[in-house]
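# Chains, contacts and geometry: an overview
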Amino acid sequence: MSTPEGPLAPLASATNGLAHEVNGSASANGNGAVDGAPSFDTTLFHQYLSALLPPVLGALPTELDSLFEDEFDERVARFAAEGGGVLYVVKVKDEGEEEAPPTYSYRLVTQLSYSPSTVTSLALIKRNPTLDPVTPLASQLHILNLFGGEETPYESLHSVVSFGVKPWFDAFVGARGGNKDGGDSKMGIPMTKKKFAELELSLLHLQQNVEIPETHLIIHPVIQRAVEQAHASGVRPNLSHIPAKLLNDSTFLNTLHGHVNSWIKSIQAVTKLSRDVSSGTASQEINFWLSLERALEGIETQLRSDEVNMVMDCLRNAKRFLATVSFIADTGLKASTELVHKYNLLMKDFPLNELLSATDLDKIQEAIVFIFGHIIRKLKLSPYPIRRALPLVEAISRDFNDQLLRVLTSHRLAYQPYDNFDRLLGQAMGIFRTWDDHIKEFTNVARDAMRKRLEKFIPIKVNSAHAKLQERCRYLRDWRKQHEQLAVMTGPTKGLGTMVKEVGGIDMEEEVKEAYEVIKRIDVLDVSVEGTEIWVTAENAYNERVARVENQIIARLRDRLGTARNANEMFRVFSKFNALFVRPKIRGAIQEYQTQLIDSVKEDIKRLHDKFKTQYRYSEAYHMSQMRDLPPIAGAIIWARQIERQLLTYMKRVEDVLGKGWELYAEGQKLQSESTAFRKKLDTRPVYDAWLHDINRRDMGVNGRLFEIVRLRGSQAQANGAGGSGGAGGGGGGGYQLAVNFDPQIITLFKEVRNLLWLNFQVPHAITNMAKDAKRVYPHAVSLMETVRTYGQTLDLVENNRGIEWLVAEYRNDAQRMVSKGMNIRWDYFVNQYDTARYVGAEGRADNRHIQFVREFASVVSVLQDKTNNVIDLYRDITRAVEDLGTCAFSTEAFAELLARIQAAIDRLNLEGYANLDHWVASLDKRIEDIFLQRLTQIIETWCSEFDRGADDGDRRDALALRDMTNKRKAGKGVKEEKFVEGSLTVKPIVHEIRIQNQVIFLDPPIEYARSTWIKQLHDWLGVVCRLRRIQSSRYEIGLQMQVTAAVETTYTSLLTQLPDEILQRPFSLIDQKVRELKEYVAKWLQFQSLWDLEAEYVFNRLGDSLAHWQQLLTEIKKARSTFDTSETQKGFGVCVVDYEQVQARVNAKYDAWQRDILSRFGVKLGNAMKDMHASILKARNELEHHSIEGLVGATARRF
C-alpha cells in the first residue's frame, strides 16, 4: 500500500527520513562494509520501529519496551532472511477495571490471531525476498494498518479494498491502458476487476448481515456425564446410566425443568426473530432468511442430540409432562422452520450478486433480467408475502441505482466524445426500459399471487429509487444531442462558423466549446438537491454563452430564407439547417415563412388525393404487391397506410419547421381540417371489416379428402388433352381430371391473416385458427398441387408421344397406386398431426405416414416425369433414326450406323430399367422390318429396272467406258460390281468375248458365269439389308437367355420370306430371259464353227446336183453374213455385252472362202445345167422344125 494520506503523511515522511538517517549512521559505523553479502543489523529495524510506531499506533515510546524483548532479534533476523515474508505489530488492550484508564501492550508476531481485545494490527510486508541493510527500509517494506476493536473486521477490510487496493489498481491500469490501446483485455485485467468487485461485494454483504444469535442449549453435568459414559461403552444412552436416586430427586428434576424452560425462551428468541425489509439493502434481507434457516437447522440438530432426549426421558419418567408435551409447540420451531424454508425458495440462488458485481452496462442489464426472472419464477412457488416483496424490489432498485451510477460515473460522461456518450446513455435508457418492462410483469405476477393467496389487498406499486437518475439521463441525452448539433453546425466542416464570424465578429466554434467547458466541471449525474442546483446553475451559464451564437445563426438563416425563390428552396435551406431547429430561439425566428410552406404542402397533399382517387387496383402498387405475394386486402391496406404515412410526413415536416401550434392559424386550421378529412378517407378499418364479414359469411375450412375428381367440359377436355391429370372417361363430350381438394381461397386467407397481424389488426380467434390450419397444411397442399400438375403434364406428354406407354407403364402404375392410396386420406389428418410431427425426433417423424405420403407422391411423380422426359428424348432419337432408315443411302455403312444409334438408345433404356422393353423393342423391330421390306421392294424394282434396260440403252453407253472395262477385264479376268448412289443404284454390264482358238470358237466367260454374277449381285443388294444385325433388348442381361439364344434370329434374312412371290420371281425370270437371249445370239456365232469342221466334198455331195438346193444355200449364206459382216464389233443386251471383234475377221474370211468355193461349184453346176438345157432346146427345135403344121391340127396333146 502507498503511504497514508492526510495527517499521517508527514509522519511517514519523517519516518522515511529517520530510516535514511539510521541507515546512514549504520553505514558510517562501518556495519555495511562486510565481506560478501552484508548481514542485516537488527538495531536498524529496532530504530525504524521506534520511529514508526508512536505516530502510527498512537503509542508512547515507553510502552514499546515490551515489543523489544529477548526474541525480537531472532524474529527480525528470520524476517530479514529469505524465508520470512511478513511481521505483525499487534496492539492489545489490557484487561482491567472499567473505570480505570485503558492500558495497552504491544507484541511482534509472525502469525495473526483475532480477539476482541485487539485494538489494531500493523502488517510489515517485504517487497523483496531479503532485507538489504544498505537500502532504506522505507523503500523495502509495505505498511498496512489492520484496524480492530469492532465486532467484525468486515468494515475495515471493505474500506481497504474499496478505497485503497482497487483504486490503485484501476489507476495503474488506466494509465497503462492509454498507451497500450486496450491491450489489457488480452491480459485478464477485466477478470481481475471483476474479482475485485466481487471481493468488495462479499465484504459488504458480510458487514450488512443481520447476526442471528447462536443458541446453545444448557445441559446438566449429570446428563452430560451419563451420555459420555454411554458413548464410551458403545451403547445407546438411557435412564440406567443416571443414578436412580437422582431420577426422583426433586431438586435435580427442578433443575432440568428450568433448563427446558430456558431452552424454550432461547429458541423462541430465534423463531420470533424478524426484520424490517424496508430498511437496509436487498442483500441484508436475503442473507437474513438464509442465516435464519441455518440457525433453525442448528437448533433442530441440538434438539435431536442424546443429551436433550435423556433430559426429556428423565422428565417423563418423573411424570412431569407439562414440560415435555408442549415443548415443540411452545418453541414454534416447526412452523418457523417450514415458513423459512418456503421463503428461502425465493432467497436461495438469488442472482443479486450479478448486479452488485457488474462492471459494465451490459452486465447490469443481464443482471436485471436474471433478478426479475428469478423473482417472477420463484414468487409463484414461494409464499413470500407480497407486502415484503414490494420493499425488496425497492431495495433492489436502490442497489441498481447505486451500481448504475457507479458505472456511468467511472466513464466521466462529460468528457466522452458524442458517439460514446450517446452509446452509453442509450444503453442506460435501454436498461431503464428493461427495468420498466420487468416491473410491469412483476406487478401482474404479484397481483395474481396476492389474489390466489387471499392476502389482504395492498396497492401494488414500486417506488423506483432510480427515477431521478432515469430522468436526468433522458434529459442529458437530449441536451447533449442539441449541443452536438450546434457544435457540428458551427464547426469547420459546415463553414457556418466562418461565415458568421465575418458578419458578427465572434468565433462560434470556440464560443460553443467554452460554453461546454462549464458543464465539464460538474457531476452531471448528481441528482441530489445540491447536485440539481449545481446543474441548473451550470446550464444557465451554458445557455447565456450559446444565446450569442444563436443570434448570429438566426441572422444568417433569415438572410438565406429571404433570398429563397420558392418553397422548395426554403425546404432545402430548412433541410440543411434542420439540426438547429431544435433550438427554441431559432425555431421562433422562422415562423414568418409559414404561409409559403403551407401552400407547398397543399400541393403535395393534392397529389396524394389524385393518387388515392386512381384506386389501388389500377395503381402500380397493385402489380408490385402481386409480384411480392401480397394478398389484395392487405395490399390495399398497406397502400392506404403508405399514403397516410406520406400525409403525416408532410404534416410533420411543417411542424418540425414551424413548431408546435402551427394549426392554430387560419390557414393552418384549414390545412389541418383537410388533412384530417383525408385521413378519415384513408381509414382502413372499413376494408378490414368488409373482409371479415365476407370471411364469416363463407364456409371455409381445411377438411375433406386429399384429392377430388373433377369433370371437365368439352373445351377443357380438349385443352387438357385426352389424358388429363387422371385420365379421360365418362360421356357427354367431357373427361375427368385429378385435382387437389384444397380451396385456393384458404391460401389467400392465411396470407391475409399473416399480413393483417403484421399490420396490428385484431383478427378473430376462429379465423386465426383457420389460417393457422391452412398455414400448417399449405406446404403440403402446394406440394400436392405441383405434383398433380406435374402428373397431368407428364400424362399429356405420354399421350402426345405415342409409343412410349409401355416403357413408362411401371412408373405410371406407381403414381396411380399413390393416387389410389391418397384418395382415402383427409386434410384433417395433416391438421391434427402437424404439432406432433414438429416436436418429435427424427425417428418419430417417420411415423407420420400422411406427411410421408406427400413426399413419396412427389418423389414418385418426379421419377415419372424424369423417366418420361428421358424416354421422350431417346424415343425421338430412335424415331428419327428409324425414319432415316427409309431415306438414307442404300449401303451397309448407312444402315449399320442408324441401327447402332437405335441399339445404343435401347441399351440406355435397358440400363435405366424401363419396363416392357422386350415388347416395345419387338414392336420397334416390326416397324424397322416394314421399312426394310419397303426398301427391299424398292431395291428389287430398281435392280430389275437396271437389269432390264434394253439393248438401245446399252448401245447408247459410252463406248470408251466399255472398252476400258473390256481392257480391265482382259487384264484381270474378273468383273467388279460397282454401285452409284446418285439418284439410284446402277448395274454395270458384263462383257463376254467370242474368241477362236485352235480352230475352235467359244464364249469367254461362259454364259453361266453371267448367270452366277447376276444372282450374286442381286444377293449383294439384298444382303445390304438382310445381313444387318437386328436390334436387341437384352444385351445387358447376363446369361438369362442362354438356352434360347440359338433360336433368336440376329439378322433380317427372314425378310425375304415376307416378300410376295412375284417380287422375288421377277429378277430371276429376267435373268433366265436374259440368259436365253444371250444363248440364242451366241449360238449363231457358234454355228460358224462348222466353217472349220465341215469338209467341202461332204457339203457338195449333200447338195448333189439340185440347183435349187445350191441356190437355197447361197441365199442362206448371204443372209447369215449379216451376223458378222457389219461395222460393229459387239452386241449389247442391256446388262451384258458380247464382243466379237476377235472372231469377226476370221469368220468373215473363212466365210468368204466357203462362199467362193460354193459359188464356183454352183457356177460349174449351173453351166452344166445350162448346157444341157441348151442342148435340149436345140433338140426340140430341130424336132419341131421337122414337123408340118397340118400334122399338128387335131392332135390332143403335144409335149416338147
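None of the values given here were measured: they were computed from a predicted structure. (Residues numbered from 1 in each chain as written. Predicted model: local features only at pLDDT ≥ 70, side-chain atom pairs only at ≥ 80, totals over all residues. Heavy atoms only, no water.)

It is worth spelling out helix H42 (residues 1061-1087) at this point. Look at H42: 38 Å from first C-alpha to last across 27 residues, which is about the 39 Å you get at 1.5 Å a residue. Among all positions in H42, only Ile1063, Pro1067, Leu1070, Ile1071, Lys1074, Val1075, Leu1078, Tyr1081, Val1082 and Trp1085 are buried. (Helix = DSSP H or I, 4+ residues; strand = E, 2+ residues; numbered from the N terminus. Expected span 1.5 Å × (residues − 1). Buried < 20%, exposed > 50% of the residue type's maximum accessible area, 1.4 Å probe, protein only.)

This part takes up unusual backbone geometry. The bulk of non-glycine residues show a negative phi, and the bulk of peptide bonds are trans. Its identity is not glycine, yet Asp349 carries a phi of approximately 55°, on the positive side. With respect to the helices and strands, Asp349 occurs in the loop between helix H13 (333-347) and helix H14 (352-356). Taking the relative accessible area as the measure of exposure, Asp349 reaches 72% and is therefore exposed.

Right, let's get into the sheet that holds strand E10 (residues 1136-1139). By way of backbone hydrogen bonds, the strands of a sheet pair with one another, either parallel or antiparallel. Taken together, the four strands give an open sheet; going across it, the order is E8-E7-E10-E9, and neighbouring strands pair in mixed fashion. In this open sheet, the two edge strands, each paired with only one partner strand, are strand E8 (1000-1004) and strand E9 (1130-1132). On average, each strand axis in the sheet is inclined to that of its neighbour by 20°, with strand direction left out of account. Packing of H42 onto the sheet brings it into contact with strand E7 (990-997), E8, E9 and E10, and relative to E8 it is tilted by some 155°. (Pairing = 2+ DSSP bridges. Axes fitted to C-alpha atoms, helices over the stretch in contact; angles between N-to-C directions. Contact = heavy atoms within 4.5 Å.)

Quick look at the pattern of salt bridges now. Summed over the entire model, instances satisfying the criterion amount to 25 salt bridges. Here Arg995 and Asp1004 are joined by a salt bridge, their closest N and O atoms 3.4 Å apart. For Asp1004, a relative accessible area of 18% gives the class buried. What emerges from the salt-bridge pattern is a single network uniting Asp448, Arg451 and Lys452. (Salt bridge = Lys/Arg side-chain N within 4 Å of Asp/Glu carboxyl O.)

Our focus in this paragraph is the packing of helix H18 (residues 467-489) against helix H21 (residues 529-562). One way to put it is that H18 packs onto H21 with a least axis distance of 12 Å and a crossing angle of 25°. As summarised for this structure, H18 and H21 are arranged roughly parallel, according to the angle between their axes. Handedness of the H18/H21 crossing: left-handed. Contact with H18, carried on its side by Arg472, Tyr475, Leu476, Trp479, His483 and Leu486, involves Thr532, Trp535, Glu539, Tyr542, Val546, Val549 and Ile553 of H21 and no other residues of that element. Residues belonging to the contact of H18 with H21 are distributed by class as follows: nine nonpolar, two polar and two charged. (Parallel < 35°, antiparallel > 145°, perpendicular 65-115°, else oblique. Left-handed = near helix turned anticlockwise from the far one by under 90°. Nonpolar A, V, L, I, M, F, W, Y, C, P; charged D, E, K, R; others polar.)

Each aromatic ring pair is characterised by the separation of its centres together with the angle its planes make. The tally for this structure, following the rule as stated, stands at 16 aromatic pairs. Centroid distance Tyr343 to Tyr384: 5.4 Å. Interplanar angle 80°. Geometry classified as edge-to-face. Of the two residues, Tyr343 sits in helix H13 while Tyr384 sits in the loop between helix H15 (361-379) and helix H16 (386-410), which places them 41 residues apart along the sequence. The class of Tyr343 is buried, set by a relative accessible area of 8%. (Phe/Tyr/Trp six-rings, centres within 6.5 Å; stacked < 30°, edge-to-face > 60°.)

Here the focus is the sheet that holds strand E1 (residues 86-93). Within the open sheet, the four strands sit side by side as E2-E1-E3-E4. Their pairing is antiparallel. In this open sheet, the two edge strands, each paired with only one partner strand, are strand E2 (104-109) and strand E4 (141-147). Averaged over neighbouring strand pairs, the angle between their axes works out to 15° when direction is ignored. Note: strand E3 (residues 118-126) against E4, seven bridges, orientation antiparallel. Residue pairing for E4: Leu124 is matched across the bridge by Ile143. Set on the sheet, helix H3 (residues 72-80) makes contact with E1, E2, E3 and E4; between it and E2 the angle comes to about 45°.

Residues Ile902, Trp920, Ile928, Phe932 and Trp1014 are the most contacted members of the largest nonpolar core, which totals 122 residues. Not counting residues within four places of it along the chain, the set of residues in contact with Phe932 comprises Leu885, Phe895, Leu899, Val1025, Leu1028, Tyr1052 and Leu1055. Grouped together as the second largest cluster of nonpolar side chains are 101 residues, Ala226, Val311, Ile386 and Met429 included. (Core = buried A, V, L, I, M, F, W, Y, C linked by side-chain atoms within 4.5 Å.)

So, about the pairing of E10. The alternating pattern of E10 places Cys1136 and Val1138 and Val1137 and Asp1139 on opposite faces, both of which are buried. By the bridge criterion, four bridges tie E7 to E10 in an arrangement that is parallel. By the bridge assignment for E10, Val991 is matched with Val1137. One ladder, built from three bridges, connects E9 with E10; its direction is antiparallel. Residue pairing for E10: Lys1131 is matched across the bridge by Val1138.

Along the chain, the position of His220 falls in the loop between helix H5 (189-208) and helix H6 (221-233). The exposure class assigned to His220 is buried, which follows from its relative accessible area of 14%. Engagement of the side chain of His220 in a polar contact is seen with the backbone nitrogen of Val222, the distance being 3.1 Å. The contact partners of His220, leaving out residues within four places of it in the chain, are Phe252, Thr255, Leu256 and His259. (Polar contact = N/O pair within 3.5 Å; in protein donor to acceptor, adjacent residues only side chain to side chain.)

Attention now moves to the packing of helix H8 (residues 250-271) against helix H10 (residues 306-317). Direction vectors running N to C along H8 and H10 enclose 125°, while the axes themselves pass 10 Å from each other. Considered as vectors, H8 and H10 are oriented oblique to each other. Like other packed secondary-structure pairs, H8 and H10 cross with a definite hand, here left-handed. When H8 is examined against H10, the residues Leu253, Leu256, His257, Val260 and Trp263 are found in contact with a partner set consisting of Val308, Val311, Met312, Cys314 and Leu315. Its residues assigned to classes, the contact of H8 with H10 comprises nine nonpolar, one polar and no charged.

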